[in-house]
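A structural walkthrough
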Amino acid sequence: MRELMRGLSADRLFVLVCSFAISIGMTIIAALALTALAFDQIVTIQIPLVATFRGFFAEGGAHAVTVQGSWGGALGVVLLLATPLCAVAIAHRGGGS
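These lines cover the structure that appears in this document, whether it is placed above or below. (Residues numbered from 1 in each chain as written. Predicted model: local features only at pLDDT ≥ 70, side-chain atom pairs only at ≥ 80, totals over all residues. Heavy atoms only, no water.)

**Here's the deal with unusual backbone geometry**
Outside of glycine, negative phi angles account for most residues, and trans bonds account for most peptide bonds. Even without being a glycine, Ile42 presents a positive backbone phi close to 55°. Its location among the elements puts Ile42 in the loop between helix 2 (10–41) and strand 1 (44–47). Of note, Leu49 is a non-glycine position whose phi angle comes to about 70°, a positive value. (Helix = DSSP H or I, 4+ residues; strand = E, 2+ residues; numbered from the N terminus.)

Right, here's the structure in full:
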């Protein structure tokens with residue numbers, strides 16, 4: 001573990017932080033897009049262990065949507081998206097300039 005932390009330079013740390021920020025952003029954008037789709041099309045979209053988006057007609061005929069999600073599932077998606085770039089950043093042995 002000590003070798004890993006010693007080999008973690010500022011540029012690698014920056015890539016790790018950015019990969020998590022990008023994966024969080026992608027997860028949020030996907031959730032918002034699925035919410036809009038469920039709202040507009042009056043459909044139910046279910047992603048097992050992550051979230052369920054239910055579009056329906058409310059009283060008076062207006063469109064409505066409910067979202068039931070799991071923070072643990074969302075964290076799993078973020079980690080799944082961030083892992084490849086983090087692995088490359090840690091394993092890459094640059095030639096140096």
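Further notes follow.
**Details of the layout of surface pockets**
Roughly 510 Å³ of volume is contained in the largest pocket. Together, 21 residues line the largest pocket, and Thr27, Ala31, Val50, Ser70 and Ala74 are the ones closest to its centre. The set of elements that each furnish at least two residues to the lining of the largest pocket consists of helix 2, strand 2 (51–57), strand 3 (63–69) and helix 3 (71–91). Here the element with the most residues in the lining of the largest pocket is helix 2; it accounts for eight residues. Among the residues forming the lining of the largest pocket, the class breakdown is 17 nonpolar, four polar and no charged. (1 Å grid on protein atoms, 1.4 Å probe; cavity = no way out; pocket = protein on both sides within 12 Å on 5 of 7 lines; lining within 4 Å. Points joined across faces, edges and corners; volume = space filled by probe spheres on them. Nonpolar A, V, L, I, M, F, W, Y, C, P; charged D, E, K, R; others polar.)

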